[in-house]
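Summary of the model geometry
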Amino acid sequence: MCGICGFTGEIVNKTKTIENMTDLIIHRGPDSAGFFVDKDIAMGFRRLSIIDLAGGEQPIYNETNTLVLTFNGEIYNYKELREELINKNHKFYTQTDSEVLIHGFEEWGEELLYRLPGMFAFAIWNREDKSLFIARDPFGIKPLHWSQVGDNFIYASEIKSILAFPTFEKKLNYKTLDNYLSFQYAVPPETFFEGVLCLMPGDCLWYKKG
């Protein structure tokens, strides 16, 4: 189990904010933390080391450093995908299943999702066109939530990271009350917090230019 979080746009104390958001999910990845921060986005990662213990730190980049990945999960056919991508002249620097995602996205774009048996939630930032792509596995094994606060798009493995965003206002989502009284849980994509949604199993989301 690992954890990811991030947000787009500029805010005061940007680096401190992403560090705080990431610290809140340390239980998902106690082994290490990783960050990518520039003027357009902040991305955080907590790692539980399973594959390539020494070389699997995140974020992970493509060969030209134009794509940035954070990933939670396991890709079952990553060795086969790795060989296919090497044959297409992609260069790998780790032995992780994470790295096949960044090169696979570079090669196939959104169609990569149809090649991924496994459990996953990941985010890929394109530094050239300033687009963010997030995706979740078809069975929804790995969680992923998102929200829009003003000009900032926020995503996280757990809602508590989104709540730590400085301008997020905690409000009860009254839409969930009928479902809660009937089923004892908030029916996705709604959550108990107004403005926070689950990315549904098997879904992906693009965020571009606001």
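See above for the structure.
Residues numbered from 1 in each chain as written. Predicted model: local features only at pLDDT ≥ 70, side-chain atom pairs only at ≥ 80, totals over all residues. Heavy atoms only, no water.

Let's talk about the pattern of salt bridges
In plain terms, the rule: The working definition used for a salt bridge is a side-chain nitrogen of Lys or Arg within 4 Å of a carboxyl oxygen of Asp or Glu. Under the scheme used here, helices are H or I runs from DSSP no shorter than 4 residues and strands are E runs no shorter than 2 residues, and both carry numbers assigned from the N terminus.
Under the defined criterion, the tally for this structure stands at seven salt bridges. For glutamate 158, the salt bridge goes to arginine 28, with nearest N and O atoms at 3.0 Å. Linking glutamate 158 in the loop between strand 9 (152-156) and helix 4 (159-163) with arginine 28 in the loop between helix 1 (14-23) and strand 2 (32-37), this pair joins segments that are 130 residues apart in sequence. The salt bridge involving glutamate 57 is made with arginine 47; its shortest N-O contact spans 3.5 Å. With glutamate 57 in the loop between strand 3 (41-47) and strand 4 (60-61) and arginine 47 in strand 3, the pair connects residues that are 10 residues apart, well separated along the chain.

A few points about the sheet that holds strand 1 (residues 3-8)
Threshold: Pairing between two strands requires that DSSP report at least two bridges joining them. Under this scheme, a helix contributes an axis fitted over its contacting stretch, all axes are lines through C-alpha atoms, and angles between N-to-C directions fall in the 0 to 180 degree range.
Strand order across the open sheet formed by six strands is 2-3-1-9-8-10, with antiparallel pairing between neighbours. Of all strands in the sheet, those with a lone pairing partner are strand 2 and strand 10 (196-198), marking the two edges. For this sheet, the mean inter-axis angle between neighbouring strands, taken without regard to orientation, is 15°. Judged from the five bridges that link them, strand 8 (residues 145-149) and strand 9 form a sheet pairing that is antiparallel. Residue glutamine 148 lies in a different strand from strand 9, and its bridge partner there is phenylalanine 153.

Brief notes about the sheet that holds strand 5 (residues 67-75)
Here is the rule we go by: For this analysis, residues touch if any pair of their heavy atoms sits within 4.5 Å.
The sheet built from five strands is open, its strands ordered 4-5-6-7-11 with antiparallel pairing. Strands with a single pairing partner mark the edges of an open sheet, and in this sheet they are strand 4 and strand 11 (204-208). Relative to strand 11, strand 7 (residues 131-136) runs antiparallel, the two sharing five bridges. By the bridge assignment for strand 11, leucine 132 is matched with tyrosine 207. On the sheet, helix 3 (residues 98-108) packs against strand 4, strand 5, strand 6 (118-126), strand 7 and strand 11 and is oriented at approximately 125° with respect to strand 5.

Examining the packing of aromatic side chains
To be explicit about the condition: Whether two aromatic rings pair depends on their centres lying within 6.5 Å, for rings of Phe, Tyr and Trp, where Trp uses its six-membered ring; planes under 30 degrees apart make the pair stacked, over 60 edge-to-face, and the rest tilted.
Going through the model one piece at a time under the given rule, you end up with 11 aromatic pairs. Ring geometry for phenylalanine 120 and phenylalanine 122: centres 5.7 Å apart, planes at 40°, overall tilted. Plain terms: the ring middles of phenylalanine 153 and tyrosine 207 are 4.7 Å apart, the flat faces sit at 25° to each other, and that makes the pair stacked. Residue phenylalanine 153 is found in strand 9, and its partner tyrosine 207 is found in strand 11; the two are separated by 54 residues along the sequence.

So, the packing of helix 2 (residues 78-86) against helix 3
How two helices pack is summed up by the angle between their axes together with the distance between the axes. Here is the rule we go by: By the definition adopted for this analysis, an angle is roughly parallel if under 35 degrees, roughly antiparallel if over 145, roughly perpendicular if from 65 to 115, and oblique otherwise. When the near helix sits turned anticlockwise from the far one by under a right angle, the crossing is termed left-handed; a clockwise turn instead gives a right-handed crossing. Note that Gly is not counted as nonpolar here; it falls among the polar residues with everything else outside the nonpolar set of Ala, Val, Leu, Ile, Met, Phe, Trp, Tyr, Cys and Pro and the charged set of Asp, Glu, Lys and Arg.
Here helix 2 crosses helix 3 at 50°, and the two axes come no closer than 10 Å. By the angle class used here, helix 2 and helix 3 are oblique. The hand of the helix 2/helix 3 crossing is left-handed. Here Tyr78, Leu81, Arg82, Glu84 and Leu85 of helix 2 come into contact with helix 3, specifically with Val100, His103, Gly104, Glu107 and Trp108. Taken together, the residues that form the contact of helix 2 with helix 3 break down as five nonpolar, two polar and three charged.

What to know about the layout of surface pockets
Our working definition: Within this scheme a cavity is a closed region of a 1 Å grid, computed over the protein atoms alone, that accommodates a 1.4 Å probe without allowing it to escape, whereas a pocket is open but has protein on both sides within 12 Å along at least five of seven lines; lining residues each have an atom within 4 Å of a point. Grid points are joined across faces, edges and corners, and a volume is the space filled by probe spheres set on the points.
Taken as a whole, the second largest pocket encloses approximately 150 Å³ of empty space. Around the second largest pocket sit Thr8, Gly9, Asp40, Trp125, Lys130, Asp151, Tyr207, Lys209 and Gly210, which together line it. Tallied by class, the residues present in the lining of the second largest pocket amount to two nonpolar, three polar and four charged.

Observations regarding unusual backbone geometry
Rules: Exposure classes here rest on a 1.4 Å probe applied to the protein chains alone. A residue is buried below 20% of its type maximum, exposed above 50%, and partly exposed in between.
In this structure, proline 59 follows glutamine 58 across a cis peptide bond, with omega equal to 5°. Proline 189 follows proline 188 through a cis peptide bond whose omega is 10°. Residue position: proline 189 is located in the loop between helix 5 (176-183) and strand 10. Positive phi values are uncommon outside glycine, yet lysine 130 reaches one of about 60°. Classification of lysine 130 as partly exposed rests on a relative accessible area of 34%. One non-glycine residue with positive phi stands out, namely lysine 209, at about 50°.

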